[in-house]
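Residue-level structural notes
So the chains spell out like this:
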Amino acid sequence: MNNIFKKYYVSVFISNLGNACITFVLPIYTLELTNSTFHLSIISAMEMIPFLILGLPFGAVIDKINIKKMMQICDCIRFFNYLFLFLVVMLSEINFIIIAIYICAFINGICFVFHSIAESTLVPHIVEKKELTKANSLIFGVEYATNFEIIIKLEHTTTINIFKIFLSCHKI
């Protein structure tokens, strides 16, 4: 595999690990704040609605845009989205925090749709045809491992307490 693919592979790992963490932590933090499964359902819906609305249309136009730039824009938006959420958690009242989590989950869902579709179409552009199967297998493996592994680790260890401490610095 070439150096471009190696860099891309590392970036996919980091991106998916971060996304898996936030997708896991937001609903748990919301449940801890509100003690309501209704809010938990809203968070899950806010993350999935963009797939239903944007997945098919964006998949049809992906080849007409700059894939690398789209992925970079999505990563930047997600970074500022999480920074905004962090500041809200530190500085706001509980009602505004819940609304901010809804907004953050929806924006994250939109960016995840764009990023994941762009990500899957980028591989043929950076590896030779004979390496395509191996490259796609590696990418799928790292996506699966980061998403599955983070949930297993967070459910069965005290790692989740670190996230709870980090996110609950705000006094309720």
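Residues numbered from 1 in each chain as written. Predicted model: local features only at pLDDT ≥ 70, side-chain atom pairs only at ≥ 80, totals over all residues. Heavy atoms only, no water.

1. Describing the nonpolar core
Across soluble globular proteins, nonpolar side chains show a tendency to be buried alongside one another. Where we set the bar: Side-chain atoms within 4.5 Å link the members of a nonpolar core, which is a set of buried Ala, Val, Leu, Ile, Met, Phe, Trp, Tyr and Cys residues. To sort residues, take the accessible area from a 1.4 Å probe on protein chains only and compare it with the maximum for the residue type: under 20% means buried, over 50% means exposed, and anything in between is partly exposed. A helix here means a DSSP run of H or I that spans at least four residues, while a strand means a run of E at least two residues long, and both kinds are numbered starting from the N terminus. Contacts: residue pairs with any heavy atoms within 4.5 Å of one another.
Counting residues in hydrophobic clusters, the biggest one holds 20 residues, and the most contacted among them are Phe 5 and Tyr 8. Of all the secondary structure elements, the ones that give two or more residues to this core are α1 (3-34), α3 (67-91), α4 (94-126) and α5 (132-156). No other element matches α4, which puts 7 residues into this core. Ignoring any residue separated from it by four or fewer positions in sequence, one finds Phe 5 in contact with Ile 126, Val 127, Ala 135, Leu 138 and Ile 139.

2. Some remarks on the packing of aromatic side chains
Threshold: Stacked, edge-to-face and tilted labels apply to pairs of Phe, Tyr and Trp rings (six-membered ring for Trp) whose centres lie within 6.5 Å, assigned for plane angles under 30 degrees, over 60, and everything in between, in that order.
Tallying each qualifying case throughout the model produces 5 aromatic pairs. The interplanar angle of 50° and the centroid separation of 6.4 Å between the aromatic rings of Phe 5 and Tyr 8 together place this pair among those described as tilted. Residue Phe 5 and its partner Tyr 8 are both found in helix α1; the two are separated by 3 residues, about one turn of the helix. When sorted by exposure, Phe 5 lands in the same class as Tyr 8, which is buried. Look at Phe 58 and Phe 114: their rings are 4.4 Å apart centre to centre, the planes differ by 55°, and that puts the pair in the tilted class. With Phe 58 in helix α2 (residues 37-61) and Phe 114 in helix α4, this pair connects stretches of sequence that are 56 residues apart. On the basis of relative accessible area, Phe 58 is assigned to the buried category, the value being 7%. These aromatic residues form a ring-pair network of at least three members: Phe 5, Tyr 8 and Tyr 9.

3. As for the side chain of Thr 30
As for its position among the elements, Thr 30 is in helix α1. On the basis of relative accessibility, which here comes to 0%, the residue Thr 30 falls in the buried class. Beyond its immediate sequence surroundings of up to four residues, Thr 30 is in contact with Asn 35, His 39, Ile 43, Ile 98 and Ile 101.

4. Here we look at the packing of α1 against α2
What counts here: Here an angle of 0 to 180 degrees is reported between the N-to-C directions of two axes, which are lines fitted to C-alpha atoms, with helices fitted over the stretch in contact. Any angle that falls under 35 degrees is termed roughly parallel, while one over 145 is termed roughly antiparallel, one within 65 to 115 roughly perpendicular, and all others oblique. Should the near helix be turned anticlockwise from the far one by less than a right angle, the crossing is termed left-handed; should it be turned clockwise, right-handed.
For the pair α1 and α2, the least separation of the axes is 8 Å and the interaxial angle reads 155°. Between α1 and α2, the interaxial angle falls into the category roughly antiparallel. Considering how the two elements wind past one another, α1 and α2 form a crossing that is right-handed. Between α1 and α2, the residues in contact are Thr 23, Leu 26, Pro 27, Ile 28, Thr 30, Leu 31 and Thr 34 and Thr 37, His 39, Leu 40, Ile 43 and Glu 47, respectively.

5. Brief notes about unusual backbone geometry
The backbone of Asn 35 shows a phi angle near 60°, a positive value even though the residue is not glycine. Turning to its location among the elements, Asn 35 is positioned in the loop between α1 and α2. A relative accessible area of 71% means that Asn 35 is categorised as exposed.

6. A look at the pattern of salt bridges
When the charged atoms of two side chains with opposite charge come close together, those side chains can pair. Spelled out, the test is: A pair is scored as a salt bridge if a Lys or Arg side-chain nitrogen falls within 4 Å of a carboxyl oxygen belonging to Asp or Glu.
Under the criterion given, the structure shown has 2 salt bridges. Here Asp 75 ties to Arg 78 by a salt bridge, and the two come within 3.0 Å at their closest N and O atoms. One end of the pair, Asp 75, and the other, Arg 78, are both in helix α3, 3 residues apart, so they sit about a helical turn from each other. Owing to a relative accessible area of 34%, Asp 75 belongs among the partly exposed residues under this scheme. Exposure remark for Arg 78: the relative accessible area of 5% places this residue in the buried category. Taking the shortest distance from any N to any O, the salt bridge between Lys 130 and Glu 128 comes out at 4.0 Å.

7. A word on the side chain of Ser 116
Applicable threshold: Definition of a polar contact: a pair of N or O atoms within 3.5 Å, with one able to donate and the other able to accept a hydrogen when the atoms are protein atoms, and with sequence-neighbouring residues admitted only if both atoms are side-chain atoms.
Note that Ser 116 resides in helix α4. Taking the relative accessible area as the measure of exposure, Ser 116 reaches 18% and is therefore buried. From its side chain, Ser 116 meets the backbone oxygen of Phe 112 in a polar contact 2.8 Å long.

Function cannot be read off these values alone, since they describe shape.
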